[in-house]
Amino acid sequence: MNSLNVSPDFPCFPDNAKSLANRYLTKEIYERLIHIKTQYGFTLYDAIRSGLENPDSSIGIYAGDAESYELFSDIFIPIIQHYHSIEVLKHHIKSTTSSSFTSIITDRLDLMESRFPDPDREHKYIISTRIRVARNLNGFPFTPIISTFDRKRVEKIIIQALENIPSPLKGVYRSIQPSLIIKSSFDKSFFRKGDRFQDAAGINRDWPDSRGIFESDDKKFMVWVNEEDHLRVISIDKTGDISGVFKRLIMGVKDIENNLNLKNISFAWNQELGYLTACPSNLGTAMRASVHIKLPNLFKNKHLLNNAATQLQLQIRGTKGENSDVESAVFDISNIQRLGVTEKQCVEILYKGLCKIIELEEDLANYNPLSET
Ligand code: ADP
Ligand code: MG
């Protein structure tokens, strides 16, 4: 893709812009980076376009390929450090095809063997649990600048990697048809055209070409193809069985990875940043472990929920996902940090946080016995 409208002038973020891109992009960094391009032609201006067009962006920057993180590290590093609350070493950011994912999956086995109890033992609050990881294929640009041709190739490679996936993950792949939103069996989990943030980043180009969903026969395992990343591998259940959802996810990720490796294809990865993703908030494990949880009392006292979430390193989203509203007191609660933590820690943070939040909801219910639970 040709980079659009590269502006030599330091861009003016709107006065009300709150994004991390706005916060950390200085004139000096801009002038140093604005004339360079990755091998796929991605520029700093492409990276920040979404943040410039959307003053309410929280991050405001996307990577167009693996190399973006290395080439534009002067702006990516402070943003990554801020979002994930960790220190990133610039000289470690080197693209690599190494497959030593040890820092991220060291305790994967441990979690596969252990079991977190359901944090909602009486099944009163949790409606569903979903854990997903984002992955991109090495050697292809990411969704903000991928060409129609490469997007199709990525889709084909992923379909092939899913073809012989064994039971209980075996399933079918369906392309997204124009005018048809594929609604998964889990009512609120949609793969839809990206929002205005993704649109401005270039992610919606050619929609819905080469986008699709693989869904297992039991509907609990999914792979979204060419959404925000090449793959979103998803495990989901209508319970609070976090361990079961995690195990299914890891089974699927391993199967896909093994099938890709047979064809000498690996996931984009970097020793300092973990799995590389279009949005820097997803780097590292690229894992978001979430529940949909109904909290009527905390819905009426949102400041208490927000304070608790901050302390517990959790993020609150709306019922239909990022940038959506909370409907019928159903919140999407998930781990914030994905880099600098292991997969087990992502899941543990969600589990421990949920125990506290459910306790808070029950305290509020008991404090006001007339309120609904
Ligand atoms: P992601 O971080 O995976 O990109 P989004 O906020 O974009 O998540 O949401 C993607 C979809 O997944 C949305 O339709 C959202 O409602 C759904 N979703 C997220 N968490 C859950 C959950 N625990 N249960 C059911 N659906 C969920
Ligand atoms: Mg999303």
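Quick caveat: nothing in here was measured; it's all calculated off a predicted structure.

Engineer: Give me the overall build of the chain: which residues, what numbers.
Structural biologist: Of the regular secondary structure elements, the chain holds 13 helices and 13 strands. Contacts in the chain between residues far apart in sequence, at least 24 positions, make up 74% of those at least 6 positions apart. Entry remark: accessible area of the chain is about 16,300 Å², with carbon and sulfur atoms responsible for 50%.

Engineer: Describe the site of ligand 1, with residues and values.
Structural biologist: Every one of the 20 residues lining ligand 1 counts as a neighbour, but Ser128, Arg132, Arg288, Arg317 and Glu322 are closest to it. Arg232 places a polar side-chain atom, nitrogen or oxygen, 2.8 Å from an oxygen atom of ligand 1. At 2.7 Å from an oxygen atom of ligand 1 is found a main-chain nitrogen or oxygen belonging to Glu322. Compared with its free state, where it exposes 560 Å², ligand 1 has 94% of that area covered by protein.

Engineer: Account for the confidence of the model for the chain, with residues named and values stated.
Structural biologist: When pLDDT is averaged along the chain, the result is 89; 87% of the residues meet or exceed 70. Contacts for the low-pLDDT stretch residues 95-102, under 50 throughout, to residues beyond four places or in other chains number 14 contacts.

Engineer: Can you tell me about the environment of Ile349, naming the residues and giving the values?
Structural biologist: Within the secondary structure layout, Ile349 lies in helix α13 (residues 343-367). For Ile349, a relative accessible area of 16% corresponds to the buried category. Residues Ile349 and Ile336 lie 13 residues apart in sequence; the distance between their C-alpha atoms is 9.1 Å. In this structure, Ile349 is in contact with Leu312, Gln313, Leu314 and Asn335, ignoring residues within four places of it in sequence.

Engineer: Describe the nonpolar core, with residues and values.
Structural biologist: Ranked by size, the top nonpolar core spans 56 residues in total, and within it Leu137, Val223, Ile256, Ile293 and Ile333 carry the most contacts. For this core, the leading source of residues is α13, giving nine residues. Judged by nonpolar contacts, the second largest core, of 41 residues, contains Ala47, Ile75, Phe197 and Cys279.

Engineer: Describe the pairing of strand β2 (residues 126-135), listing the residues and the values that go with them.
Structural biologist: Two faces make up the sheet, and in a regular strand the side chains alternate between them. Across the 10 residues of β2, nine count as buried, placing the element largely inside the fold. Relative to strand β11 (residues 287-294), β2 runs antiparallel, the two being bridged by seven bridges. Paired with Ile131 across the two strands is Ala289, which belongs to β11. Sheet topology places β2 next to strand β8 (residues 231-237); seven bridges connect them, and they run antiparallel.

Engineer: Tell me about the sheet that holds strand β7 (residues 221-225), and please be specific about residues and values.
Structural biologist: Strands sit in the order β3-β6-β7-β8-β2-β11-β13-β12 across an open sheet of eight strands; the sheet is antiparallel. The open sheet has two edge strands with one neighbour each: β3 (171-175) and β12 (314-317). Each neighbouring strand pair of the sheet contributes to a mean axis angle of 20°, computed without reference to strand direction. Direction of pairing for β11 relative to strand β13 (residues 330-335): antiparallel, over a ladder of five bridges. Across the sheet, residue Val291 finds its bridge partner in β13, namely Ile333. Lying over the sheet, helix α8 (residues 148-163) contacts β3, β6 (212-216), β7 and β8, oriented at roughly 165° with respect to β7. On the sheet, α13 packs against β2, β11, β12 and β13 and is oriented at approximately 20° with respect to β11.

Engineer: Residues and numbers for unusual backbone geometry, please.
Structural biologist: Look at the link from Ser167 to Pro168: it is a cis peptide, with omega at 5°. Looking at where Pro168 falls in the secondary structure, it is placed in the loop between α8 and β3. Here the residue pair Trp207 and Pro208 is connected by a cis peptide bond, since its omega of 0° sits within 30 degrees of zero. Tracing the backbone shows Pro208 in the loop between α9 (196-201) and β6. Its identity as a non-glycine residue notwithstanding, Ser210 has a phi of 60°, on the positive side. Residue placement: Ser210 occurs in the loop between α9 and β6. For Ala329, which is not glycine, the phi dihedral falls at a positive 60°. Mapped onto the fold, Ala329 is located in the loop between β12 and β13. Residue classification places Ala329 among the buried residues on the basis of a relative accessible area of 7%.

Rules used in this analysis
- Residues numbered from 1 in each chain as written.
- Chains lettered and ligands numbered in written order.
- Predicted model: local features only at pLDDT ≥ 70, side-chain atom pairs only at ≥ 80, totals over all residues.
- Heavy atoms only, no water.
- Helix = DSSP H or I, 4+ residues; strand = E, 2+ residues; numbered from the N terminus.
- Contact = heavy atoms within 4.5 Å.
- Areas by Shrake-Rupley, 256 points an atom, 1.4 Å probe, with all protein chains shown as cover.
- Near = heavy atom within 4 Å.
- Polar contact = N/O pair within 3.5 Å; in protein donor to acceptor, adjacent residues only side chain to side chain.
- pLDDT = per-residue confidence, 0-100.
- Buried < 20%, exposed > 50% of the residue type's maximum accessible area, 1.4 Å probe, protein only.
- Core = buried A, V, L, I, M, F, W, Y, C linked by side-chain atoms within 4.5 Å.
- Pairing = 2+ DSSP bridges.
- Axes fitted to C-alpha atoms, helices over the stretch in contact; angles between N-to-C directions.

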